[in-house]
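So you can see what is in the structure, the chains are spelled out below.
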Amino acid sequence: MTSHHQIVGSSPIRKEGRDKVMGRARYVDDISLPGMWFGATVRSTIPRGRITSIAFDPAIPWHEYTIVSAADIPGENCIVHLTKDHPCLAVTHVNHAEEPILLLAHPNRAVLPAAVAAVHITYEELPAIYTIEDSEKKEQIIWGEGESANTFKTYLMQKDQKPIPDEIWQTADYIVVGEYRTGAQEQLYIENNGVIAEYDPEAGVTVRGSMQCPYYLVHALELVFNLPAERCRVIQTETGGAFGGKEDFPSVIGSHAALLAMKSGHPVKLCYDRAEDMAATTKRHPSRTRHRTAVSKDGKLLAGEIDFAIDGGAYATLSPVVLSRGTIHAPGPYHWPHLTVRAKAVATNIPPHGAFRGFGAPQSIFALERHMDKIAKVVGLTPEELRRRNFLGTGDHTATGQLLKDPVDMQHLLTRALEESNYHAKREQFDRENPTSIIKRGIGFATFFHGAGFTGSGERRLNSLVEIELTPEGQPRLLVSSTEFGQGTNTILCQIAAQTLRLPYDQILIAQPDTGHVPNSGPTVASRTAMVVGKLVERAAQSLCGTLVHGGYLAPDYTPEDFRTAALLFLAQHGSLKSEARYQSPGDIFWDDENYSGEAYPAYAWAVYVAEVAVDTTTYSASVTNFYALQEVGKVLHPILAAGQIEGGVAQGIGYALYEKCLWQNGHLANNQMTNYIMPTSADVPPIHVTFEEIPSPHGAFGAKGIGELPMDGPAPAILNAIEHATGIAFTEIPLLPEDIFERITRTPEAGSESLDPAVAGPIFSEATA
């Protein structure tokens, strides 16, 4: 049994670990209900067009099937996310390939693929658009009208709500311009999306499945079935990975399965195979970021214009909030005297993009950290020195005007990271060895931050609630809708409760997320669970303990045995005991939605990542050979899980930078298999050296801040900065594949910005005019 004195900050075994190791954990496809049928989805085969006919091949015994169309939807034909633009099932038009049109159910799972293929749909095809640039042209309007045509959302973020004075641009020693792009990325959770739905005319809808946010699905079902929330029950089953891919998409597959259950009169299981999951579900938004930066000759940032655009795909889904986080993180951990960020999410005829770990920040941080190395080269400073001259520190204000009250020491983080990675010595070594080696080696780094919790006033709107109840056996049980999907939610929340209640970790229970029994503690997203929900667990545990102590059931200095005796006595006299804690926004945290300014997040995690790379000039392949990840994340609740989060995020970042490319052909994902969508394996992941600094935050349980998304932000820019050091070529787009390196190395060198010598470029340097 774990000593209760060392629970927070120690590494007890995971709450669900034994069941997973022993094979007792039951994922959705392990579950079977009496009389259960199976579901399948008939999807569009074109990216954009009008449906002209639907025919059913007579070779199929259709009377054995349940067929659902939009006409069967009792409520609104809409999957609600932030706006009501996303049809549950297409009716007259399709706006992307793989768009759901019909649903089928049958008792025999094996016959469904042939039935799907036997539904013949004809279309009047319309011109489709696939890129940000095509969407901006507005020659084809595929979403919205007027000012909002093809545009889901825009933001304008200005330092102090003021435009940049013209004289800044006129008098700056250098003006540095750059454009950077990132591609789509597949979440590649181990378990595909899957649900089982039941329908009862009296009780309503019940959906269980693999997901992150049960109450999001409740909200979707309310609309599709026109039912009150209390008749829409959602239960999370054991979930094999998510990374944001099961944040919003379960609202789609859950609604579909429930419609089939309603019409068939049977429970219906709907699970995608890998190919369907990759082709039809959401991915990370592709992006384009343009920087224009005014810099003094001593390397001080004077002003910056950042134009940040993301491709949202065919429907808005969560694009506005992904765009928001990417916008706020675009200026990075630097002081900008003047700054303007213009951001937009545009529509294309690609399947909708959605949530993915990092939520827009990896895109804008990639651009900024590549641009900082470019500025350093233009000004004639090292990348390290340029950053040191512009870092934010304690008492400074971020680009949104937020005062950094909690200690921030990026100078120390950078010093420590460069020392631990032996950065300076390796840089000299590689510079010395590269001219005579076919393997070019390089080392680079990125410095960045990531906000914890919902952006802006999001946590106020969520109004999250956590409860703790006593079981009949006198054990505390946590009631939260926060979900476990491999990242450690169950474990850290139980650690917090155990530490607060001064009980052994083993004596704390956590309920399965079931909206019929647990309150809405908010979605499991946005690096909020450890900090925001953890703080609520801490407060609820304090309340529970206070009830027993102040009621005279428990002495202040109690043992676990005393607690159990007191709990049983209280239950015998009162029947039950449940405590709760609801989110209360800190008084000094306020976000101005109208002016897009203020306290964007209660706390930030800060980090410096260093990458070593090798570029083989015979195969043109790049690989990461060593990686150092140093971060300040507040109190580390569970060191092993925390290190695992960082290692996993770095591995995912390596894939984002060097391997994972979505190939779109006429709006279809052409490489929707794990044989041709290449992700890093253990053989491609280098030693990852994870270290932490701990400066407790007053906003999180025991000082914890968010950690889940942070490690996704830094690897890609650090890797490409290292590749520039190795090759002398300033690549600006990811994923960077061997064919991209081949194309650039074999091209005439004077075509790239990396060949520009600032001494020749003159006092005013602009790539556009050089």
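What counts and what doesn't
- Residues numbered from 1 in each chain as written.
- Predicted model: local features only at pLDDT ≥ 70, side-chain atom pairs only at ≥ 80, totals over all residues.
- Heavy atoms only, no water.
- Helix = DSSP H or I, 4+ residues; strand = E, 2+ residues; numbered from the N terminus.
- Rg over C-alpha atoms; globule rule 2.2 N^0.38 Å.
- Buried < 20%, exposed > 50% of the residue type's maximum accessible area, 1.4 Å probe, protein only.
- Contact = heavy atoms within 4.5 Å.
- Areas by Shrake-Rupley, 256 points an atom, 1.4 Å probe, with all protein chains shown as cover.
- Lys, Arg positive; Asp, Glu negative; His and termini not counted.
- Charge placed at Lys NZ, Arg CZ, Asp CG, Glu CD.
- Pairing = 2+ DSSP bridges.
- Axes fitted to C-alpha atoms, helices over the stretch in contact; angles between N-to-C directions.
- Salt bridge = Lys/Arg side-chain N within 4 Å of Asp/Glu carboxyl O.
- Core = buried A, V, L, I, M, F, W, Y, C linked by side-chain atoms within 4.5 Å.
- Polar contact = N/O pair within 3.5 Å; in protein donor to acceptor, adjacent residues only side chain to side chain.
- Phe/Tyr/Trp six-rings, centres within 6.5 Å; stacked < 30°, edge-to-face > 60°.
- UniProt positions renumbered as here; feature names shortened; annotations may be inferred.

- The name an unreviewed UniProt entry gives the protein is Xanthine dehydrogenase family protein molybdopterin-binding subunit, with Tunturiibacter gelidiferens as the organism.

Quick look at the overall build of the protein
Then step 1. Assigned secondary structure in the protein consists of 21 helices and 28 strands.
Then step 2. Against the 2.2 N^0.38 benchmark of 27 Å for 770 residues, the protein shows a C-alpha radius of gyration of 27 Å, consistent with a compact globule.
Then step 3. Viewed in the frame of its principal axes, the protein has a C-alpha envelope of about 80 × 75 × 50 Å.
Then step 4. A total of 770 residues make up the protein; the buried ones form 61% of that total.
Then step 5. Considering only contacts within the protein whose residues lie at least 6 apart along the sequence, 81% involve residues at least 24 apart.
Then step 6. Split by element, the accessible area of the protein, about 28300 Å² in all, is 52% carbon and sulfur.
Then step 7. Here the protein carries 63 positive and 89 negative side-chain charges, and the mean point of each set is 1 Å from the other.

Looking at the sheet that holds strand β12 (residues 268-271)
Then step 1. Taken together, 7 strands build an open sheet; the order of strands is β3-β5-β1-β12-β9-β10-β11 and the sheet is mixed. Since the sheet does not close on itself, it has two edges, and those belong to β3 (66-68) and β11 (232-236), each with one partner. Strand after strand, the sheet turns through a mean of 25° between neighbouring axes, direction not considered.
Then step 2. As judged from the 6 bridges shared by strand β1 (residues 37-43) and strand β5 (residues 100-106), these two strands associate in the antiparallel manner. Each bridged residue has a counterpart across the sheet, and for Val42 the counterpart in β5 is Leu102.
Then step 3. Sheet strands touched by helix α5 (residues 214-225): β9 (194-200), β10 (204-209) and β11. Its angle to β11, the strand with the most contacts, is close to 150°.

Notes on the pattern of salt bridges
Then step 1. Under the defined criterion, the tally for this structure stands at 40 salt bridges.
Then step 2. As a salt-bridge pair, Arg290 and Glu179 come within 2.7 Å of each other at their nearest N and O atoms. Here the residue Arg290 occupies a position in strand β13 (residues 287-295), and Glu179 occupies one in strand β8 (residues 174-182), the gap between them amounting to 111 residues.
Then step 3. Looking at Glu179, the relative accessible area reads 29%, which means it is partly exposed.
Then step 4. Note that Arg208 and Glu198 form a salt bridge whose closest N and O atoms lie 2.8 Å from each other. Separated by 10 residues along the polypeptide, Arg208 in strand β10 and Glu198 in strand β9 bring together distant segments of the chain.

Some remarks on the nonpolar core
Then step 1. Ile375, Trp606 and Val610 are the most contacted members of the largest nonpolar core, which totals 60 residues.
Then step 2. For this core, the element with the most residues is helix α9 (residues 361-379), which contributes 6 residues.
Then step 3. If you look at the next biggest cluster of nonpolar residues, it comprises 45 residues, including Val8, Ile496, Ala530 and Ala581.

Here we look at the side chain of Ser579
Then step 1. Here Ser579 lies in strand β20 (residues 578-582).
Then step 2. Side-chain polar atoms of Ser579 contact the backbone oxygen of Ala540, separated by 2.8 Å.

A few points about the packing of aromatic side chains
Then step 1. The tally for this structure, following the rule as stated, stands at 18 aromatic pairs.
Then step 2. A centroid spacing of 6.0 Å and a plane angle of 40° characterise the contact between Tyr558 and Phe563, whose relative ring orientation is tilted. Just as Tyr558 is buried, Phe563 falls in that class too.
Then step 3. For the ring pair Tyr620 and Phe742, a centre distance of 5.0 Å and an interplane angle of 80° mean the geometry is edge-to-face. Highlighted residues: Tyr620 in the loop between β23 (603-616) and β24 (622-632) and Phe742 in helix α20 (residues 738-745), separated in sequence by 122 residues.

What about the UniProt feature "domain: Aldehyde oxidase/xanthine dehydrogenase a/b hammerhead" (unreviewed entry) in the protein?
Then step 1. When the UniProt feature table is mapped to this numbering, "domain: Aldehyde oxidase/xanthine dehydrogenase a/b hammerhead" (unreviewed entry) covers residues 22-127.
Then step 2. Annotation note: span residues 22-127, helix share 7%, strand share 32%, distance between end C-alpha atoms 53 Å.

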